[in-house]
Amino acid sequence: MFKKIVRYFRNDKNDVAIADLKANVSAIDLNDSKSILEAVGLKEKGDQLFNDSKLAEAKTLYLESISVDPNFVDAFINLGVVFREQKLFSDAILCFDRAISINPNEVYAYYNCAIVCQMQGDLQNAIKQFQKALEHDAYFDLVCLDLAALHCQLGDSKSARIVLLHRLSLTH
């Protein structure tokens, strides 16, 4: 469906593309829309509970959100963060891996996986995860800073400098 629409736009046949898009959008099942909205609502309530340090309750809502929409990347990431905070590292990594399997470009999944690896003392894997995050978003300053700090922690100031200089070069 979407490849066809892109092809039409590239050929400047906007009227055909718009008609095709309208036909496909009207065919979307309203139950899908309702379940997506329900999943988002559950995740947002979970976010509020997480911010109030109510991790067990937040975890329950993230799990409910995922049960409503099994492909909800943000819910998997947030559930992984809850597991990370509870020091359930293998469960956290499973959540981040699931988010990546749904969306391989999900920077926050790589970033949070790196943080878990770092917390476990697996510093080489943490570096790899930070680098994967940067492959998908070179402008993610927190990743750059954390990766540079990790290099410094390992006594590799040259690599830390390279990371920071590369990030600075992107702004000019």
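Residues numbered from 1 in each chain as written. Predicted model: local features only at pLDDT ≥ 70, side-chain atom pairs only at ≥ 80, totals over all residues. Heavy atoms only, no water.

## Examining the nonpolar core
The biggest cluster of nonpolar side chains holds 45 residues, and the ones touching the most others in it are Phe96, Phe130 and Val143. Element by element, the count of residues in this core is highest for helix H7 (residues 107-120), at nine residues. (Core = buried A, V, L, I, M, F, W, Y, C linked by side-chain atoms within 4.5 Å. Buried < 20%, exposed > 50% of the residue type's maximum accessible area, 1.4 Å probe, protein only. Helix = DSSP H or I, 4+ residues; strand = E, 2+ residues; numbered from the N terminus.)

## Side note on helix H4 (residues 55-68)
Taking 1.5 Å of rise per residue, the 14 residues of H4 would be expected to cover 20 Å, and the 20 Å separating its terminal C-alpha atoms lies within 8% of that figure. Restricting attention to buried positions, one finds in H4 the residues Ala58, Leu61, Tyr62, Ser65 and Ile66. Down the axis, H4 shows its buried residues gathered within 140 degrees of arc, on one side only. (Expected span 1.5 Å × (residues − 1). Arc of directions from axis to C-beta.)

## Section: the environment of phenylalanine 72
Looking at the secondary structure, you find phenylalanine 72 in the loop between H4 and helix H5 (73-85). Taking the C-alpha atoms as reference, phenylalanine 72 lies 9.8 Å from arginine 98; in sequence the two are 26 residues apart. Apart from residues no more than four positions distant in its own chain, phenylalanine 72 is found in contact with Ala39, Val40, Lys43, Ser65 and Ile102. (Contact = heavy atoms within 4.5 Å.)

## Description of the pattern of salt bridges
Scanning the model with the defined rule gives three salt bridges in all. Across the pair arginine 84 and glutamate 85 runs a salt bridge, and its minimum N-O distance is 3.1 Å. Given a relative accessible area of 39%, glutamate 85 falls into the partly exposed group. In this structure, arginine 167 and aspartate 141 form a salt bridge, with 2.6 Å as the shortest nitrogen-oxygen distance. You can see arginine 167 sitting in helix H10 (residues 157-170) and its partner aspartate 141 sitting in helix H9 (residues 141-153), a full 26 residues away along the chain. (Salt bridge = Lys/Arg side-chain N within 4 Å of Asp/Glu carboxyl O.)

## A few points about the side chain of arginine 167
Owing to a relative accessible area of 13%, arginine 167 belongs among the buried residues under this scheme. Discounting chain neighbours no more than four positions away, the residues touching arginine 167 are Ala138, Tyr139, Asp141 and Cys144.

## A short note on the packing of aromatic side chains
Taken as a whole and judged by the stated rule, the model has three aromatic pairs. With centroids separated by 5.5 Å and ring planes inclined at 35 degrees, the aromatic side chains of tyrosine 111 and phenylalanine 140 adopt a geometry described as tilted. With tyrosine 111 in helix H7 and phenylalanine 140 in the loop between helix H8 (123-136) and H9, this residue pair connects regions lying 29 residues apart in the sequence. On the basis of relative accessibility, which here comes to 10%, the residue tyrosine 111 falls in the buried class. Three or more aromatic residues joined by ring pairs form one cluster here, namely Tyr108, Tyr111, Phe130 and Phe140. (Phe/Tyr/Trp six-rings, centres within 6.5 Å; stacked < 30°, edge-to-face > 60°.)

## Focus: the state of the cysteines
Taken as a whole and judged by the stated rule, the model has zero disulfides. In this structure cysteine 113 is a free cysteine whose sulfur lies 4.5 Å from that of cysteine 117, the closest cysteine sulfur available. (Disulfide = S-S within 2.5 Å.)

## Some thoughts on the confidence of the model for the chain
Averaged over all residues, the pLDDT of the chain equals 85, while 80% of them reach at least 70. Every residue in residues 1-21 scores below 50 in pLDDT, and together they form twelve contacts with partners more than four places removed in sequence or on other chains. This model gives residues 23-28 a pLDDT under 50, and the stretch forms two contacts once residues within four places in sequence are excluded. (pLDDT = per-residue confidence, 0-100.)

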